[in-house]
Structures are given as structure tokens and as C-alpha cells.
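Examination of the molecular architecture
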Amino acid sequence: MSDFKVLNKINNYKDLKKLSKDEIKLLCQDIRDYIIEVTSVNGGHIGPSLGTVELTVALLMTFDPEKDKIVWDVGHQTYTYKILTDRKEQFRTLRQYKGISGFSKIKESKYDHFGTGHSSTSISATLGMRVGKDLKGDDAYTVAVIGDGAMTAGQAFEGLNNAGWLDPSRFIVILNDNQMSISPNVGAIYTYFNKIITKKTFQKPRQKLKEAINKIFGKQGVRIFRKIEEYTKGLFAPGLIFEELGFTYVGPVDGHNVFGLQETLENLKNMRGPILLHVVTQKGKGYKFAEENPVTFHGVSPFDKISGVFNKTSSVPTYSKVFGDALVELAEKDERIVAITPAMKEGSGLVEFSKRFPNRFFDVGIAEQHAATFAGGLALEGFKPVAAYYSTFLQRAYDQVIHDIALQELPVLFAIDRGGLVGDDGPTHHGVFDIAFLRAVPNIIIASPKDEQELRDLLYTGLNSGKTFALRYPRGSGVGVKLEGFKEIKIGSWEELSSGRDIAILAVGKYVYRALEVKKQLKLRGFNPTIINARFVKPMDEVMLKNLLKTHEYIVTMEDGVLNGGFGSAVAEFILDNGYSNKLIRFGIPDRFIEHGKVEILEKDLGLDVQSMTEKIAETIAKKQVALNTA
């Protein structure tokens, strides 16, 4: 820490008030440099956190997070907050196995008041805290910091609506508007205007006037006064919608003027009722490459901090890119294909599709529920909607998948990216539940490709099936197979890749090639398993499964989803329901949330690497044979 002159000499946020204004400015630069240094090595959400340095410092100079509750939406804006709340040294372990999380996490720190990772939960959570404090007679403050993108989600407005109705005081929502340029509304006149409306000299007469109007004209008079006030403020500020929801709107203010922010926040503490403070920040502030490419530098893999160039990755295309390219190819030939994404255009590989077919591409914002039902409406008009989700975000649209799509047997294809463990983003982003929660839904097909070409073929199959079709695939690069054309695969069919005896390994998705590696290791020990590409989780290939159960004593299932209710459970149910007595060995995610860390480290820890699975299979069979010999 010796390179950071001011950051090096403070312990945490409690030391901020000991610093001069010049030292505060230097501290902000120190923190930026530290964030850039760590994320260049570890990866992470550099852009959002660089944009909230001054905002965080101002918040911690105004509020005390030991008693005041500050909740950061999504949690990827919190790097400065982590550094200043007793995690300065630990910050170097950001997103590393056994290190600190890249998001807010209750178990990590007493200063993380609510665990986050998915967007738009902060207002609801903070409102619950506020009401709880009021019921206990606790006069501490509650503050929600929500990014502008998160304001596109329905839950944010549900929280705002409820807060406006409950009308709590000491409840502040900060809208961190981090668009690519500073709003033209930020300037001297707005700074002056907000100083006026937040000061006691303005608020006291305002409140007295409302009380007087109430005495003379009653509640109707107060409502008319408020409408006049809202209209007047609407001429100066873009916050009329929040005023209508029952908030006092303040802003926009410059989110990089730490002392102006502090003054505004201090004034807000004296106002009654729910407050919405609109703060304008620049994503990636202070790092040229992040400022110029805020989308690219939103969440990053390791990079060279001097050049801004990302470390060399695999030359094999990612599954996301293969999906996106295949969808473009198919859409060129079929005008009925449309693509929908809940604010994940880049991550889901749909950039090229959006350019080629702008009228058939729909980014609905962070609105996962709406995306699914919207897709259902398009299907009813004869289109072939592809709704592209990360697995972890599809969880938020579960009711819509059941009620609006599957129940009505609508031909919507759900392209589910990031199926399985995703690594450094941790438990809020691991896509391990989709097989289990989708398998319980009638009228749905669930498929998972073993490689990139099979992804293309299953996409083609799903789009031509006329069924509700879930196609799930992992994060990262494929295996490097040659890509050519499309072919339809019979729904529910499995593929035997290697014949053997006694042991049949049924593998799903990325674990198919791993199963082939396990076979190589088992053959060295005298075993020769049959390897099956169980590309359809639902419906299963019951004809093949029955034959395998008759000819193989041991059945092994491999999947990168939860064991509870997953593919292995489906096989176990089939064995039990049909009176078979085969020995079943299941590999998958156990009944616990998996922490962050490199995927290969997590898989080894869970016994899902080639060596661990080989050992378990061999040991299980050996124990069974010993038991039979001693019986």
C-alpha cells in the first residue's frame, strides 16, 4: 500500500473526517488506481466501481454504516465501499477462491447490509429495513443506491410505489445515473437549485405552508398545493415521475463533486418523507480505456492496465458467439426469427444480430419477466422468438415460463447461457438451478449440447420444433470442433459415443467430453464404460436408457447442475419407477451454494474433475465387489 500516499495512512471510513479537502481528492485518486491495479490482475466490474468513488466517499462522510443501512444495488459498484469498510488489504483477493466477493455479501462484512448480485432489489430491501427500524423506534438512516440500468426492472418500481404509499422518513434512494456523458442538466443553476431546496431555510417554510393549507383548505388543498409544487419543479428537474410516486426529487447533481455531494446528503438528512437523489456519474471515471469503452469495461477479465489490452484468451470461439453467429445465419433464411434479451445483448452474443436485424431485435432492459411474456405474445403472432437469458437471470422469470409459455404450449426458444458454474462471480451467478427448476415444468424440452456444432444443430431443431424449448450451454470457449451447416436432431434422442460394458456414463453438456477422459482413466484400471451423450434432459431417451439398464450394472450421471431435482434425479426416478435395481452414481452440484473462484478450482473442490470422478467410480465398484465377495 506504500504506493498510495493517502489510502496507506487511513484504516477505514472513520478516518475520512481527519483528512483535508486536498487529501480527500488525493484519496479518490488512490482508490481509483488501486481498483485498476487489482482488477487488471483479477478481473471484475471496473467501470461501475470507478464511477462511484466520490459518491461512496461522500456517503461514508455523511452516514455511519455501523448503524445506517446503505444497500448497493447489484453490488458491482461497491469496490470503493469495500476498501473503506475494513477490507483494504483483502481487496487484493477480490473474486479469488477464498477471497472477498465481487458483490455485496452479508457474511463477508458487517457493513454489507444486504447480499446482492441480481439487479433492482435495493429499494425493496432498504424499505423493509426502514419499516423495521420504525417499528423498533430506531432513527438511523436507510439508503438505497441503485444504478440507472436497474431502474428498468419492475421490482424497482414496485419498491418505489410502496415507499411512496408508506411515506417513510430517513429513507433515501440514490439514483446513480452512469450514462456515457454527463447530463447537460448538471451545472451551476442546478447545483444552486438543489442547495436551495434541500436546506432547512427552504424546507421549514414549505412544511409550515403545507400545514397552514391543510388547516384552511383540508387535504384537498394540500393535494392541489403539491400538484402546483410538482409542476413547478418539473420545469427545472426531470424527476416528475418520482414526485408522482410520492418522493421528493432532488437532482441531478454531479456525482464526482465529493464535497457538493456531501453537502447535499447532509441537507437530505433533515428532510421528511422519502427522498430520491439523482446523481450523475461517469462509468469508468478516471481510466481512459473504461471511459471510452464503458460497455467493454463494465465487467472484465484480466488486462494490461497500461495499454488497456485484455490478456490473450482462447482462439476457440465462445458458446455465446457460436450461438449468436448461428442465430444470424438462421435469421437470414427465416424472417420469423426474432431475438429478445433482458439487457444482455453483449454477454449473450447478440450484437451482430442487433445490427443485422434491428427491427427483429428487442432489448427490453432488466425485465426478465416481461421478456418471457413478450416472447409469448410474439409467438402467438406467428414468429419464432428466441429469448436469450443467462441461466441465473432466468430464475427471475420462472412464473412466466410456467404460466405464460409452457402452460399455453407456445413455441418460444429459451437460449440459456452460462449454464453451470461460472467462476469468479460466485453464487449469485452460477447457473446451476435451471435443469432442476425447468424439469418440473410440463410441455418443455430441455437440451444441452456437448460441443459447438451440436449447439447449432439443437438451435435449429428447437426453432423448427414448434415447442417450448430450453437450450442451455456453458460459459466460455467451446472444444474447437469444426462448424458447418445445420441438421435436425430427433427430440429426446441420446447419442452413444463409445461402447463398453458394466458401466454406462450418461453425461450432459460440457461433461460429455469429460466423461470420455474419465473412460481413458478407468480403462487403465481395467474398466471399460459406455459413454452416452445425454443431450436431451427432457424428454429422456427412454428406449436407450432401458437398454442400458438391462446391459450395465452401474449407471453414472454427470451434470453441471444441482443434484436435487437434476438430470441424475430424473434417471433415479426412472430406475425406481420402472423396477430396476442398478447401482447409480451421480456427479453434480451438491445441496449448497457454491462460492466464487476459478471454475477448475471449484470443480476439483466438488469432486467434479476427471481424477476425482475416476477415483469415486472405481472405489464404489471396488466396495461393491468386496461386499459381494464377503457376503
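Just so it is clear, the structure is predicted and the values come from calculations on it, not from any experiment.

A short note on the packing of helix α5 (residues 122-136) against helix α6 (residues 154-166)
At a minimum axis distance of 8 Å, the contact between α5 and α6 shows a crossing angle of 25°. Between α5 and α6, the angle falls in the class roughly parallel. Across from Ile-123, Ser-124, Leu-127 and Val-131 in α5, the residues of α6 making contact are Gln-155, Ala-156, Gly-159, Leu-160, Asn-162, Ala-163 and Leu-166. Taken together, the residues of the contact of α5 with α6 break down into 7 nonpolar, 4 polar and no charged.

Focus on helix α1 (residues 21-42)
Since there are 3.6 residues in each turn of an α-helix, residues three or four apart along the chain are aligned in direction. The first and last C-alpha atoms of α1 sit 32 Å apart over 22 residues, in line with the 32 Å expected at 1.5 Å per residue. Downstream of α1 by a residue or two, Gly-43 has a phi angle that is positive, lying close to 75°.

Observations regarding the pattern of salt bridges
This model, assessed by the stated rule, comprises 40 salt bridges. Linking Asp-417 and Arg-418 is a salt bridge whose minimum nitrogen-to-oxygen distance equals 3.1 Å. What makes Arg-418 buried here is its relative accessible area of 15%. For the salt bridge of Glu-573 with Arg-439, the shortest nitrogen-to-oxygen distance reads 3.0 Å. One end of the pair, Glu-573, is in helix α21 (residues 567-577); the other, Arg-439, is in helix α17 (residues 434-439), with 134 residues separating them in the sequence.

Considerations on the sheet that holds strand β13 (residues 503-507)
What the 5 strands build is an open sheet, ordered β12-β14-β13-β16-β17; its pairing is mixed. Strand pairing shows two members of the sheet lacking a second neighbour, β12 (495-498) and β17 (583-589), which therefore form its edges. Strand after strand, the sheet turns through a mean of 25° between neighbouring axes, direction not considered. Here strand β16 (residues 554-562) runs beside β17; their pairing, made up of 6 bridges, is parallel. For Thr-557, the partnering residue across the bridge sits in β17 and is Arg-586. Of the strands in this sheet, β12, β13, β14 (530-533) and β16 touch helix α19 (residues 511-523), which is tilted by about 155° from β13.

Section: the pairing of strand β11 (residues 468-472)
A large share of β11 lies buried, amounting to 5 of its 5 residues. Alternating residues of β11 divide into Thr-468, Ala-470 and Arg-472 and Phe-469 and Leu-471, and every residue in both groups is buried. The pairing of strand β10 (residues 444-447) with β11 spans 4 bridges and is parallel. When the sheet's bridge partners are listed, Ala-447 is paired in β11 with Leu-471.

A closer look at the confidence of the model for the protein
Looking at the protein, the pLDDT average stands at 91 and 91% of residues meet or exceed 70. In the predicted structure, residues 180-185 sits below a pLDDT of 50 and forms 9 contacts with residues beyond four places in sequence or in another chain.

Regarding the sheet that holds β10
Reading across from one edge, β7-β6-β8-β9-β11-β10-β15 is the order of the 7 strands in this open sheet, with mixed pairing throughout. Of all strands in the sheet, those bounded by a partner on one side alone are β7 (361-363) and β15 (536-538). Averaged over all pairs of adjacent strands, the angle between strand axes in this sheet comes to 20°, irrespective of strand direction. Here strand β8 (residues 384-390) pairs with strand β9 (residues 413-417) via 5 bridges, running parallel. Of the residues in β9, the one forming a bridge with Tyr-389 is Ile-416.

Quick word on helix α12 (residues 319-333)
For α12, built from 15 residues, the straight-helix expectation of 21 Å at 1.5 Å per residue is met to within 8% by its first-to-last C-alpha distance of 22 Å. Taken as a whole, α12 has its buried residues at Tyr-319, Ser-320, Val-322, Phe-323, Gly-324, Ala-326, Leu-327, Val-328, Leu-330 and Ala-331. Tucked inside the fold, the buried residues of α12 contact β6 (337-341), α13 (351-356), β8, β9 and α18 (452-463).

Remarks on the environment of Asp-502
Examined against the element boundaries, Asp-502 turns out to sit in the loop between β12 and β13. Counting along the chain gives 141 residues from Asp-502 to Phe-361, while the straight-line C-alpha distance between them is 50 Å. Dropping the residues within four chain positions of it, Asp-502 is found in contact with Thr-551, His-552, Glu-553 and Tyr-554.

Comments concerning the packing of helix α3 (residues 53-62) against helix α10 (residues 258-268)
It is at 9 Å that the axes of α3 and α10 come closest, and there the two elements cross at 40°. Here α3 is positioned oblique relative to α10, judged by the angle of their axes. Like other packed secondary-structure pairs, α3 and α10 cross with a definite hand, here right-handed. Listed contacts from α10 to Glu-54, Leu-55, Val-57, Ala-58, Leu-59, Met-61 and Thr-62 of α3 are Val-258, Leu-261, Gln-262, Leu-265 and Glu-266. For the contact of α3 with α10, the per-class residue count stands at 8 nonpolar, 2 polar and 2 charged.

Here is what the cut-offs are and how they apply
- Residues numbered from 1 in each chain as written.
- Predicted model: local features only at pLDDT ≥ 70, side-chain atom pairs only at ≥ 80, totals over all residues.
- Heavy atoms only, no water.
- Axes fitted to C-alpha atoms, helices over the stretch in contact; angles between N-to-C directions.
- Helix = DSSP H or I, 4+ residues; strand = E, 2+ residues; numbered from the N terminus.
- Parallel < 35°, antiparallel > 145°, perpendicular 65-115°, else oblique.
- Contact = heavy atoms within 4.5 Å.
- Nonpolar A, V, L, I, M, F, W, Y, C, P; charged D, E, K, R; others polar.
- Expected span 1.5 Å × (residues − 1).
- Salt bridge = Lys/Arg side-chain N within 4 Å of Asp/Glu carboxyl O.
- Buried < 20%, exposed > 50% of the residue type's maximum accessible area, 1.4 Å probe, protein only.
- Pairing = 2+ DSSP bridges.
- pLDDT = per-residue confidence, 0-100.
- Left-handed = near helix turned anticlockwise from the far one by under 90°.

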